[in-house]
Amino acid sequence: MNVKEWLNRFLEERLPVKEMKDLSAHKLVPEHKQAVWYYFGGISLFFFIILVFTGMVLLFQYQPGLESSHASVLRIVTKVDFGWLIRSVHSWAANLMLVAVFIHMFSVYFMKAYQKPRELTWFTGLGLLGLGLGFGFTGYCLVWDDMAFFATKIGIDIVEGIPGGSYVAHILRGGPDMGGLTIQRMFALHVVIIPWIFIGLLSAHLFFLQIHGNKIPEEIEKSGQYHKIPFFPNFLLSDLYVWLIMLNLLAVLAALFPWHLGAEADALAPAPKGVKPEWYFMAMFQLLKLMPSQVAGISGELFGNMVFGVAGLFWALVPVWNPATASGRRAKLATYVGLFGIVWLIGFTIWGYMAHPV
Ligand code: HEM
């Protein structure tokens, strides 16, 4: 018996190999003119895997602490072999993952893939988006350079303005002011708490997908202009092909545009000019900036946060107000809401950058 046969027998006697093979042989993926959007969930997953590996490598050198955070990142990018590259890949992958997640969210929204029976896939996806933003926020602070310090400070101050938010802000900061405990807590969130919840939610997300398969957009299903291809090996191979393109994109960006590292944060210094959050918070930040100091007897910032709360809830509950059985008018409303969401997100992000030049 050669090694291959021995290994096959070893596994077959211990695991349901035949059932697993049958399962993968029966999993089919629809192929049609809009199928390109099916790749974005996988692209998000690819960047997440890169983040886990590069994050683990960074952990060998990064030292959280008021005195050590910035110094250790500086050492990583100047002294450690390929440290600058690992850090650059990690930062670029984080940003590219969020770009992919936003595209994925809007594409499943317009395909109405949130409708029955996929509501749980939608809700777990929203959780992943929230955690993805949490990864970005907590990770940005770990570098402890001047931009990151003040952007984190502004972010936590915004949280403080929400009713009940002062407790959350206090927990995040580890006291009334930002300092060593803030780094410690952001670090705990970034490398332990958020990743564990993220992996749990991601497993549920992919499990639901496995059960329901990919949604075929209504018009395409009605027209019958689609066919199904096996997930294994056909779709998996094209998925891997897309991952390879993403790996190239990541390598080029990380090598040609190494991630910036500013001067060490000084809590007593005035905020640097043009301080602003990361791009994925820019639209929200810009909207809050536009608020007058008072609206309808409450602070403008609180009003702005209430608008986000209501709009976010409306967005999250789309499977409820636009179920598969809804009228054509509801479906149209959902399309307009989606278009408005994209225009607002892109428009306010660009506006935010123009209003806060470096
Ligand atoms: C890091 C975050 C995420 C990862 C890694 C991920 C991963 C995936 C993957 C691999 C798929 C299957 C391929 C596809 O249809 O694209 C998928 C499907 C899906 N995802 Fe996500 N996802 C994430 C975030 C989200 C978000 C933010 C939402 C929406 C709020 C969402 C909602 C969905 C839905 C509804 C489907 C089913 C699509 C269908 O049936 O065709 N996901 N996800």
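Residues numbered from 1 in each chain as written. Predicted model: local features only at pLDDT ≥ 70, side-chain atom pairs only at ≥ 80, totals over all residues. Heavy atoms only, no water.

A few words now on the nonpolar core. Within the largest apolar cluster, 75 residues are counted, with the highest numbers of intra-cluster contacts made by F47 and Y109. At 12 residues, helix α5 (residues 83-110) tops the list of elements feeding residues into this core. Each of domain 1 (29-268) and domain 2 (276-358) contributes no fewer than three residues to this core. With residues near it in sequence (within four places) discarded, F47 still touches A93, L96, M97, M246 and L250. With 9 residues, the next largest nonpolar core counts I158, M282, A283 and F285 among its residues. (Core = buried A, V, L, I, M, F, W, Y, C linked by side-chain atoms within 4.5 Å. Buried < 20%, exposed > 50% of the residue type's maximum accessible area, 1.4 Å probe, protein only. Helix = DSSP H or I, 4+ residues; strand = E, 2+ residues; numbered from the N terminus. Domains from an automatic or database assignment. Contact = heavy atoms within 4.5 Å.)

What follows deals with the coordination of the iron atom of the ligand. Around the iron atom of the ligand, the protein supplies H104 (NE2) and H205 (NE2) as donor atoms, at distances of 2.0 to 2.1 Å. Each of the 6 donor atoms bound to the iron atom of the ligand contributes to angles spanning 84 to 179°, and the resulting shape is octahedral. With H104 in helix α5 and H205 in helix α9 (residues 180-212), the pair connects residues that are 101 residues apart, well separated along the chain. (Donors = N, O, S within 2.8 Å, 3.2 Å for Na, K, Ca; no water. Tetrahedral: all angles 85-135°; square planar, octahedral: opposite > 155°, others 65-115°.)

Here the focus is the side chain of T182. Its location among the elements puts T182 in helix α9. A residue is classified by how much of its surface remains accessible, and T182, at 0% relative accessible area, is buried.

Near the ligand, the surroundings consist of 25 residues, among which Y38, H104, H205, N214 and K215 are the closest. With respect to the ligand, the backbone of Y38 contributes an N or O atom lying 2.9 Å from an oxygen atom. Within the contact set of the ligand, an oxygen atom lies 3.0 Å away from a side-chain nitrogen or oxygen of R118. The set of elements that each furnish at least two residues to the shell around the ligand consists of α3 (39-59), α5, α6 (119-142) and α9. A total of 6 residues in the shell around the ligand trace back to one element, the largest contributor, which is α6. (Near = heavy atom within 4 Å. Polar contact = N/O pair within 3.5 Å; in protein donor to acceptor, adjacent residues only side chain to side chain.)

So, on to the pattern of salt bridges. Between side chains of opposite charge, pairing is possible as soon as their charged atoms come close. This model, assessed by the stated rule, comprises 6 salt bridges. Salt-bridge contacts for R173 lead to E160; the nearest nitrogen and oxygen are separated by 2.6 Å. Linking R173 in helix α8 (residues 165-173) with E160 in helix α7 (residues 146-160), this pair joins segments that are 13 residues apart in sequence. Salt bridges linked by common partners bring K153, D157, E160 and R173 together as one network. (Salt bridge = Lys/Arg side-chain N within 4 Å of Asp/Glu carboxyl O.)

Right, let's talk about the domain arrangement of the protein for a bit. Partitioning the protein into domains gives domain 1 (29-268) and domain 2 (276-358). Each of domain 1 and domain 2 has a C-alpha centre, and these two points are 21 Å apart. Opposite the 27 residues of domain 1 that make contact, domain 2 presents 28 residues. For the pairing of domain 1 and domain 2, the buried interface totals around 2400 Å² over both sides, and the portion due to carbon and sulfur atoms is 74%. Across the contact surface, domain 1 and domain 2 share 0 salt bridges. Where domain 1 meets domain 2, there are 6 residue pairs in polar contact (both at pLDDT 80 or more). Going through the elements one at a time, α5, α6 and α7 are the ones with two or more residues in the side of domain 1 that touches domain 2. Residues belonging to the side of domain 1 that touches domain 2 are distributed by class as follows: 20 nonpolar, 4 polar and 3 charged. (Buried area = accessible area lost by both parts, 1.4 Å probe. Nonpolar A, V, L, I, M, F, W, Y, C, P; charged D, E, K, R; others polar.)

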